[in-house]
Each structure stands twice: as structure tokens, then as C-alpha cells.
Amino acid sequence: MAASRRHWAAFASAMTVAVGGAVWTGSSWDDVTRGNGVSVHRETKSPEEIREYWTPERVRRAEPAEMPTWNPCEHFPSSLAPRCW
């Protein structure tokens, strides 16, 4: 009889942890899935048109675009990544 109660207590504890974890993950899912601000633009011009556009003068004046970076501590809740604590 006592073993049966312990089994139910262990089961109830495990289910409580599982449901709590599922609720917590669901509540923080928006933070994980939000956009990272990266946009993609597909060029429809031919390679020849692109080469004609990039004259030596334009190449000299060109400035590099800022590259996006990935910081997992910014996008994930801190308890998911111990290095972010």
C-alpha cells in the first residue's frame, strides 16, 4: 500500500514538473521565434547588368554592410543556456 502511494506521489511530481515546463516553454516561445531583422533581396538582373553597374569608381566608393550577429543569450531564456546565466 505504501509503495503504491509513493509511486503516485512520484508520478504526480513528474507530471507537475512536465506541465510546468511546458507552460514555461510556451510562454517564452515568442522570444525564441521573433524575427532577427534579416531581410533577403533577390536580384533579378543578369550577371552582365550587374557587372556593368559595378564600375571601378563604384567599387572604390562601396562600403561594407553591417553583418547581423547571433547572440544566443539575447534570443533564448537564460535558464535554457547555462553560459548565459
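Residues numbered from 1 in each chain as written. Predicted model: local features only at pLDDT ≥ 70, side-chain atom pairs only at ≥ 80, totals over all residues. Heavy atoms only, no water.

Q: Go over the pattern of salt bridges, please, and point to the residues and values.
A: Considering all chains together, one arrives at one salt bridge under this definition. Note that glutamate 57 is salt-bridged to arginine 60, the shortest N-O span being 2.9 Å. Of this pair, glutamate 57 and arginine 60 are both found in helix α3 (residues 56–61), three residues apart, which corresponds to roughly one turn of the helix. (Salt bridge = Lys/Arg side-chain N within 4 Å of Asp/Glu carboxyl O. Helix = DSSP H or I, 4+ residues; strand = E, 2+ residues; numbered from the N terminus.)

Q: Describe in detail the packing of aromatic side chains, supporting the description with residues and values.
A: Counting across every chain of the model gives two aromatic pairs. Ring plane angle 85° and centroid distance 5.7 Å describe the contact between tryptophan 8 and phenylalanine 11, whose orientation is recorded as edge-to-face. Placement of both tryptophan 8 and phenylalanine 11 in helix α1 (residues 2–33) is noted, with a separation of three residues, approximately one turn of the helix. By relative accessible area, which is 47% here, phenylalanine 11 ends up partly exposed. Here the aromatic rings of tyrosine 53 and tryptophan 54 are separated by 5.2 Å at their centres, their planes lie at 90°, and the arrangement is edge-to-face. For tyrosine 53, a relative accessible area of 41% puts it in the partly exposed group. Assessed through its relative accessible area of 43%, tryptophan 54 is described here as partly exposed. Over the aromatic face of tyrosine 53 sits the side chain of arginine 58, whose NZ or CZ is 3.9 Å from the ring centroid. (Phe/Tyr/Trp six-rings, centres within 6.5 Å; stacked < 30°, edge-to-face > 60°. Buried < 20%, exposed > 50% of the residue type's maximum accessible area, 1.4 Å probe, protein only. Lys NZ or Arg CZ within 6 Å of the ring centre and 35° of its normal.)

Q: I'd like to hear about a negative patch on the surface, residue by residue, with values.
A: Together, Glu43, Glu48, Glu49 and Glu52 make up a region of like negative charge exposed at the surface. Tracing the backbone shows glutamate 43 in the loop between α1 and α2 (47–53). (Patch = residues over 30% accessible without salt bridge, like charges linked within 9 Å, V, L, I, M, F, W, Y side chains within 5 Å. Areas by Shrake-Rupley, 256 points an atom, 1.4 Å probe, with all protein chains shown as cover. Lys, Arg positive; Asp, Glu negative; His and termini not counted. Charge placed at Lys NZ, Arg CZ, Asp CG, Glu CD.)

Q: Lay out the confidence of the model for the protein in plain terms, naming residues and giving numbers.
A: Of all residues in the protein, 65% have pLDDT values of 70 or greater, and the mean over the chain is 76. Mean pLDDT across the elements of the protein bottoms out in helix α4 (residues 72–75) (67) and peaks in α3 (94). (pLDDT = per-residue confidence, 0-100.)

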